[in-house]
Amino acid sequence: MKKKYEDRIPLYYQLIDKIEEKIENNEWQPGECIPSERELCEIYGMSRITVRNAIAKLENQGKLRKVQGKGTYVVGKGVTQNLTSRVYSFTSEMEKQGKISRTKLVHREVMDCVPSVAQKLGLATKDKVIYIERLRCDDTTAIIVEKAYFPYEGFEFLLNLDFEKYSLYKTLETKAGIFINRVVESISGCELNAHECQLLECKSPMYGLLVKRISYFNDRIISYSTMVSKGNSFKFTVSLEN
């Protein structure tokens, strides 16, 4: 029997996602002590070593802090900064820089919507979503691992789209009349997981940049996506004026 895609992700990365979801949803507040290792083992049905690995990774990322003899505490969230008032796409930015962008499809499937994604998309848990994982490249180098979630209803055409030939943004415009005219992004540092390191052809551990994006067409939420790149592959320049 073929395993589900998420079943192939190491358990401690699955636990990291669950802990991050608690923090993002403010179920675990900054400065609050999270459940003990033993309690986490019981809550999620995972081994002590799996829990320790997950906590260690989150501590390295600056999201948790262990206090000897007291417990593990949630660290305050990173800052969300508005870098530009103009919506951009990877393809157009690469073209402007004189590079020919290309895209490799890593994985695509219809799946049940997990709680953290349902909240971002405004859907109910277990609603069907289309999950698309792509590798974004310039002429020779893999730059970004992009994971995107779209509501299944109304976006079925994405299941057959050839991403090596067609731009996602342009396809949304031509196939569905959807123009992404607003996005909300949060940008933070992260540690790449083993899967991301393999795709980006870098050694582990590797630290990089994580961009989380919610895309809108007017007031309608179209997609939720995350983009991960190596720390030396991407740079943001901000121009500020009074």
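Attention here is on the structure that accompanies the text.

Conventions used here
- Residues numbered from 1 in each chain as written.
- Predicted model: local features only at pLDDT ≥ 70, side-chain atom pairs only at ≥ 80, totals over all residues.
- Heavy atoms only, no water.
- Helix = DSSP H or I, 4+ residues; strand = E, 2+ residues; numbered from the N terminus.
- Expected span 1.5 Å × (residues − 1).
- Buried < 20%, exposed > 50% of the residue type's maximum accessible area, 1.4 Å probe, protein only.
- Arc of directions from axis to C-beta.
- Contact = heavy atoms within 4.5 Å.
- Phe/Tyr/Trp six-rings, centres within 6.5 Å; stacked < 30°, edge-to-face > 60°.
- Core = buried A, V, L, I, M, F, W, Y, C linked by side-chain atoms within 4.5 Å.
- Pairing = 2+ DSSP bridges.

**Section: unusual backbone geometry**
The backbone of N26 shows a phi angle near 65 degrees, a positive value even though the residue is not glycine. With respect to the secondary-structure elements, N26 resides in the loop between α1 (11-24) and α2 (37-44). Positioned with a positive phi, N218 is a non-glycine residue whose angle comes to about 60 degrees. Within the secondary structure, N218 sits in the loop between β7 (207-217) and β8 (220-230).

**Looking at helix α3 (residues 48-60)**
With 13 residues, α3 should cover 18 Å at 1.5 Å per step; its first-to-last C-alpha distance of 18 Å lies within 8% of that length. Every buried residue of α3 is listed here: T50, V51, A54, I55, K57 and L58. Projected down its long axis, α3 shows its buried positions confined to an angular sector of 160 degrees, all on one face. On its buried side, α3 packs onto α1, α2, β1 (64-67), β2 (71-74) and β6 (182-191).

**Some details on the packing of aromatic side chains**
The final tally for this structure, using the stated rule, is five aromatic pairs. When the centroid spacing of 5.0 Å and the interplanar angle of 45 degrees are considered together, the rings of Y131 and Y149 count as tilted. Within this pair, whereas Y131 is found in strand β4 (residues 128-137), its partner Y149 is found in strand β5 (residues 142-151), the two being separated by 18 residues in sequence. The class for Y131 is buried, based on a relative accessible area of 5%. A residue is classified by how much of its surface remains accessible, and Y149, at 16% relative accessible area, is buried. Of the aromatic side chains, those joined through ring pairs into one cluster are Y131, Y149 and Y224.

**Quick word on the nonpolar core**
By size, the foremost hydrophobic cluster in this structure holds 16 residues, and its most contacted members are I19, W28 and L64. For this core, the secondary structure elements donating two or more residues are α1, α2 and α3. Looking at this core element by element, the count peaks at five residues for α1. With near-sequence residues (within four places) excluded, I19 lies in contact with W28, L58 and L64. In this structure, A148, F150, I180 and I222 belong to the second largest nonpolar core, which totals 13 residues.

**So, the pairing of β7**
A large share of β7 lies buried, amounting to nine of its 11 residues. Judged from the 10 bridges that link them, β6 and β7 form a sheet pairing that is antiparallel. Directly across from S188, in β7, lies its bridge partner L210.

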